[in-house]
Amino acid sequence: MNISETMKMTGNRNRMSELQNAGFGYSAIAGVFQDNGIELSPETVKDMLNSELTKKALSKAAVKELINAGEELDYSLGALPVL
């Protein structure tokens, strides 16, 4: 994701949060976005508003360590090294 896409994602996430704080439900929030040409389902809205991704950031160091350790592993089947 580039900077422009990241800013749009963050802005849209903030709009969802504002609507939720104003009492809108997931379906109503999805409808507002749909009315403005952004296709979202109520499930997507729910996932974005309740995402674990907003609670804690995965460190760059952890990802780098996995990538470096995985140079000789095939992750296509979901195998992860134990660190």
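Parameters at a glance
- Each chain has its residues counted from 1, following the order in which its sequence is written.
- With pLDDT at 70 or above as the cut-off, local features in this predicted model cover only qualifying residues; side-chain atom pairs require 80 or more to be listed or tallied, and sums for whole chains, interfaces and linings still use all residues.
- Values reported for side chains reflect all heavy atoms of the structure, with hydrogen atoms and water molecules removed beforehand.
- The helix and strand labels rest on DSSP assignments: H or I over at least four residues marks a helix, E over at least two residues marks a strand, and numbering proceeds from the N terminus.
- Note on contacts: a residue pair is in contact if any heavy atoms of the two residues lie within 4.5 Å.
- Note on areas: Shrake-Rupley with a 1.4 Å probe; residue coverage comes only from the protein chains shown.
- For this analysis, a nonpolar core means a set of buried residues of the types Ala, Val, Leu, Ile, Met, Phe, Trp, Tyr and Cys, connected via side-chain atoms within 4.5 Å.
- Accessibility here uses a 1.4 Å probe with only protein chains present; expressed as a share of the type maximum, an area under 20% marks a residue as buried, one over 50% as exposed, and anything in between as partly exposed.
- The arc under discussion is defined with respect to the helix axis, by the directions toward the C-beta atoms.
- Salt-bridge detection follows one rule: a side-chain nitrogen of Lys or Arg within 4 Å of a carboxyl oxygen of Asp or Glu.

> Even after reading the chapter, I still don't get the overall build of the protein, so can you show me in this structure?
Within the protein, the secondary structure is distributed over four helices and zero strands. Long-range contacts, defined here as pairs at least 24 residues apart, represent 26% of the contacts in the protein between residues at least 6 apart. Accessible surface for the protein amounts to roughly 6600 Å². Of this, 58% is attributable to carbon and sulfur atoms.

> What is the right way to read the environment of V32 from this model?
Residue position: V32 is located in helix 2 (residues 26-35). Residues V32 and M16 lie 16 residues apart in sequence; the distance between their C-alpha atoms is 9.4 Å. V32 has contacts with L19 and F24, leaving out every residue within four places of it along the chain.

> I would appreciate a short explanation of the nonpolar core in the present structure.
In summary, soluble globular proteins display a tendency toward joint burial of nonpolar side chains. By size, the foremost hydrophobic cluster in this structure holds nine residues: M16, L19, I29, A30, F33, L40, V45, M48 and L49. When residues of this core are traced back to their parent elements, those giving at least two are helix 1 (3-21), helix 2 and helix 3 (42-49). Residue contacts for M48: discarding those within four places in its chain leaves M9, R13, M16 and T54.

> Teacher, can you tell me more about helix 2 here?
Helical geometry: 3.6 residues make up each α-helical turn, so side chains three or four residues apart lie on a common side. Taken together, the buried positions of helix 2 are occupied by I29, A30 and F33. Along helix 2, the residues classed as buried sweep out an arc of 100 degrees about the axis, all on the same side. Among the exposed residues of helix 2, those oriented more than 90 degrees off its buried face are S27 and D35. Where helix 2 terminates, the next one or two residues include G37, which has phi positive at roughly 80 degrees.

> For this particular structure, what's the right way to read the pattern of salt bridges?
Here the idea is simple: oppositely charged side chains can pair when their charged atoms come close. Counted according to the given criterion, the structure contains two salt bridges. For R15, the salt bridge identified is with E18, shortest N-O distance 2.9 Å. Of this pair, R15 and E18 both sit in helix 1, three residues apart, which is roughly one turn of that helix. Taking the relative accessible area as the measure of exposure, R15 reaches 37% and is therefore partly exposed. Using a relative accessible area of 45% as the deciding quantity, one classes E18 as partly exposed. K55 serves as the salt-bridge partner of E52, at 3.2 Å between the closest nitrogen and oxygen.

Such coordinate-based values are descriptive only and should not be taken to indicate function.
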